[in-house]
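The chain contents come next:
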Amino acid sequence: MKLKYLVFFLISTFSFAQNSEFPSTKVDSIVKRIQLPVIPYYQINVLKLGAKGDSVTNNKSFFDKAMSLCKKNNGGTIIVPKGIYKINGPIHFVSNVNLKIEKGAKIKFSDNPKDYLPMVLTSWEGTMLYNYSPLIYAYECSNIAITGEGTIDGEGGNIWKSYKAKEEVGKNRSREMNHNNVALNDREFGEGYFLRPQMIQFFNCKNVLVENIRIENSPFWCLHLLKSQSITIRGISYKSLNYNNDGIDPEYSKNILIENVTFNNGDDNVAVKAGRDHEGRANAATPSENIIIRNCNFKGLHGVVIGSEMSAGVQNVFVENCKTIGYLKRGIYLKTNADRGGFIKNVFVRNIQLDEVEDCLYITANYHGEGSGFQSDISNVHFSDITCNKASESGIVIQGFPNKKIRNISLKNIEIKSAKNALSNENAENVLMTDVFIGKKATVPTAAK
């Protein structure tokens, strides 16, 4: 009986080791199924409609008219030439449209919250509700794009920034509604609740492209991919340093390629999410999955994060060939707690170069020590070929629960040159380490004298 168990253990360990290799073939198959938008030939230049890039004129009506003309023509490209275009209110997309912001052009949104009413259906930190419209909002659209070498400025550093200190009542109310399964139509926020809107949100959309633009000064999350699929984000850059200025937040979304992005954010660079608590668990059929992040430059709070709102589950995340261009608090960060439930599985990270961080690789099932009754399942997480110059706190952290252990973690070719705490590994099983160096590499042992 003991021999059978030993054979089974050896076979299982060998199989796990084999499956920890970065699955390039699977990544290629995901990329092939992501479709770029198909945009009709029709074009309209906003200047021809009366818009003025003088930084003073309110161009809201002209952008709305451009979108209406595209809808009438079954789609097209809206051209925004060089200039600064003030817009007092949101841009709402229709299908089959490319918003092309040319080099030297800037769209600068107002920061008057009343301009973003009436409310629209959206999500706020993992809970569906009605709130201020995102500044650029696409709902149930297909074949849409934002391209060009211009800039989108969310003017988030003044009035919107002041909302952070006032959001607690609205935030707590939204979470109570989530936990109590309050009907969606009764979840109205907007004025009086101080929940800041996202800069750009694609909601129930497919075949989306965001390419080469610059995103600055967002009120809240910068680019929110909500219940959407077949998305390409490439060549964009950021300078958005306000509160909660995550760069890219996929939520309940799948088949996403994020590549060649230069981040400079006040919060997470990429934060993969999948709903919060009761509501997220009720949407377990729509996890966030098949997400590729590659050839990016990280700068901000954390590089790549999964969680903490991930109650519908996150799977098949592939991160490769990325590096930092400044300090990060944490390099790769998987976080959940006992309120969330759901799962994180099949995460592959390779060829990452980090400079100075607080913690290099961090996996915790007990984020903030919160919650009870809904522990998450974390398994099959693989790190390889990662270097870090300095971790001012911890090199590698893995934190599970005694009755819900983190499982099947592999670390291969990891070098962290300096760390205050090398390794903290608790309540985890089947952790495989191969060529892991934290601190100065050991050589041959010294001889007795």
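Here the structure is a predicted model, which is why all the values come from computation and not from measurement.

> Honestly, unusual backbone geometry in this entry has me stumped. Any pointers?
Among all residues save glycine, negative phi is the norm, and among peptide bonds the norm is trans. Residue Leu117 is joined to Pro118 through a cis peptide bond whose omega torsion reads 5°. The phi torsion at Asn255 lies on the positive side, around 55°, for a residue other than glycine. Of note, Asn255 is situated in strand E20 (residues 254-259). We note that Asn290 has phi near 60°; this positive angle belongs to a residue other than glycine. Tracing the backbone shows Asn290 in strand E22 (residues 288-294).

> Looking at this model, I keep getting lost on the pattern of salt bridges. Mind explaining?
Oppositely charged side chains may form a pair once their charged atoms are brought near each other. Per the stated rule, a full pass over the model turns up 23 salt bridges. Between Glu155 and Lys108 there is a salt bridge, and its shortest N-O distance comes to 3.7 Å. Pair noted here: Glu155 is in the loop between strand E12 (151-153) and helix H4 (159-162) and Lys108 is in strand E7 (residues 105-109), with a separation of 47 residues, a long-range link. With relative accessibility at 24%, the residue Glu155 sits in the partly exposed group. Overall, Lys108 belongs to the partly exposed group, its relative accessible area being 31%. The salt bridge partner of Glu309 is Arg276, with a shortest N-O separation of 3.4 Å. Taken together, the residues span a long stretch of sequence, with Glu309 in the loop between strand E24 (302-306) and strand E25 (314-324) and Arg276 in the loop between strand E21 (270-272) and helix H6 (277-282) at a distance of 33 residues. Accessibility expressed as a relative area gives 5% for Glu309, which makes it buried. Sharing partners across several salt bridges, the network here consists of Lys106, Asp153, Arg214 and Glu216.

> Would you take a moment to explain the side chain of His224 for this structure?
Turning to its location among the elements, His224 is positioned in strand E16 (residues 223-226). For His224, a relative accessible area of 0% translates into the label buried. A polar atom in the side chain of His224 sits 3.0 Å from the side chain of Gln201. Of note is the side chain of His224, whose polar atom sits 2.8 Å from the side chain of Glu251.

> Sorry if this is basic, but what is going on with the packing of aromatic side chains here?
Think of a pair of aromatic rings as described by two things: how far the centres are apart, and how the planes are tilted against each other in angle. By the definition in use, this model includes 17 aromatic pairs. Each ring, one from Phe22 and one from Phe318, has its centre 6.3 Å from the other, and the planes form 75°; the classification is edge-to-face. Taken together, the residues span a long stretch of sequence, with Phe22 in the loop between helix H1 (2-19) and helix H2 (24-33) and Phe318 in strand E25 at a distance of 296 residues. Note on Phe189 and Tyr193: the rings are 5.1 Å apart at their centroids and 65° apart in plane angle, and the pair reads as edge-to-face. Its end group placed over the ring of Phe189, Arg173 keeps NZ or CZ at 4.7 Å from the ring centre.

> Help me understand helix H3 (residues 60-72), please; the structure alone is not making it clear to me.
The periodicity of an α-helix, 3.6 residues per turn, causes residues three or four places apart in sequence to face the same way. In this model, H3 (13 residues) spans 19 Å end to end at C-alpha, consistent with the 18 Å of a helix rising 1.5 Å per residue. Looking at H3, one finds that the buried residues are Lys60, Phe62, Phe63, Ala66, Met67 and Cys70. Where H3 terminates, the next one or two residues include Asn74, which has phi positive at roughly 60°.

> Just to check I follow, could you spell out the pairing of strand E29 (residues 406-416) for this structure?
The two faces of the sheet receive side chains in turn, since in a regular strand these alternate between them. In terms of strand pairing, strand E28 (residues 377-399) meets E29 through eight bridges, oriented parallel. For Thr387, the partnering residue across the bridge sits in E29 and is Glu415. Summarising the sheet, E29 and strand E31 (residues 428-438) pair through nine bridges and their orientation is parallel. When the bridges of E31 are listed, Ile416 appears paired with Ile438.

> Quick question: what am I supposed to make of the side chain of Thr147 here?
Looking at the secondary structure, you find Thr147 in strand E11 (residues 142-147). Using a relative accessible area of 10% as the deciding quantity, one classes Thr147 as buried. Among the polar contacts listed, one links the side chain of Thr147 to the side chain of Asn98, at a separation of 3.0 Å. Here Thr147 is in contact with Asn98, Leu99, Lys100, Ile101, Leu209, Glu211 and Ile213, once residues within four sequence places are set aside.

> When you look at the sheet that holds strand E18 (residues 237-239) in this model, what are you seeing that I'm missing?
Strands belonging to one sheet form pairs held by backbone hydrogen bonds; the direction of such a pair is parallel or antiparallel. Taking strand neighbours across the sheet as the criterion, the six strands line up as E2-E4-E7-E12-E15-E18 in an open arrangement whose pairing is parallel. Whereas interior strands pair on both sides, the edge strands pair on one side only; in this sheet they are strand E2 (54-58) and E18. Within the sheet, the average angular offset between the axes of one strand and its neighbour, ignoring direction, is 20°. Looking at chain direction, E12 and strand E15 (residues 214-216) are connected through three bridges and run parallel. By the bridge assignment for E15, Thr151 is matched with Arg214. Of the strands in this sheet, E2, strand E4 (83-87) and E7 touch H3, which is tilted by about 90° from E4.

> Could you clarify how one ought to interpret the state of the cysteines in this entry?
One covalent bond between the sulfur atoms of two cysteine residues makes up a disulfide. If you walk through the whole model with that rule in mind, you get zero disulfides. Unpaired in terms of disulfides, Cys296 finds its nearest cysteine sulfur in Cys322, a separation of 4.6 Å. The class for Cys296 is buried, based on a relative accessible area of 1%. Free cysteine Cys360: the closest other cysteine sulfur is in Cys388, separated by 4.2 Å. Judged by its relative accessible area of 0%, Cys360 falls in the buried class.

> Before we go on, may I ask you to explain the pairing of strand E19 (residues 248-251) in this structure?
Residues Ile248 and Pro250 of E19 are buried on one face, and the alternating residues Asp249 and Glu251, pointing to the opposite face, are buried as well. Examined bridge by bridge, E16 and E19 share four bridges and lie parallel to one another. Looking at the pairing, Leu225 lines up with Pro250 of E19.

Each value, and the rule that gives it
- Residues numbered from 1 in each chain as written.
- Predicted model: local features only at pLDDT ≥ 70, side-chain atom pairs only at ≥ 80, totals over all residues.
- Heavy atoms only, no water.
- Helix = DSSP H or I, 4+ residues; strand = E, 2+ residues; numbered from the N terminus.
- Salt bridge = Lys/Arg side-chain N within 4 Å of Asp/Glu carboxyl O.
- Buried < 20%, exposed > 50% of the residue type's maximum accessible area, 1.4 Å probe, protein only.
- Polar contact = N/O pair within 3.5 Å; in protein donor to acceptor, adjacent residues only side chain to side chain.
- Phe/Tyr/Trp six-rings, centres within 6.5 Å; stacked < 30°, edge-to-face > 60°.
- Lys NZ or Arg CZ within 6 Å of the ring centre and 35° of its normal.
- Expected span 1.5 Å × (residues − 1).
- Pairing = 2+ DSSP bridges.
- Contact = heavy atoms within 4.5 Å.
- Axes fitted to C-alpha atoms, helices over the stretch in contact; angles between N-to-C directions.
- Disulfide = S-S within 2.5 Å.

All we've got here are geometric facts, nothing functional implied.
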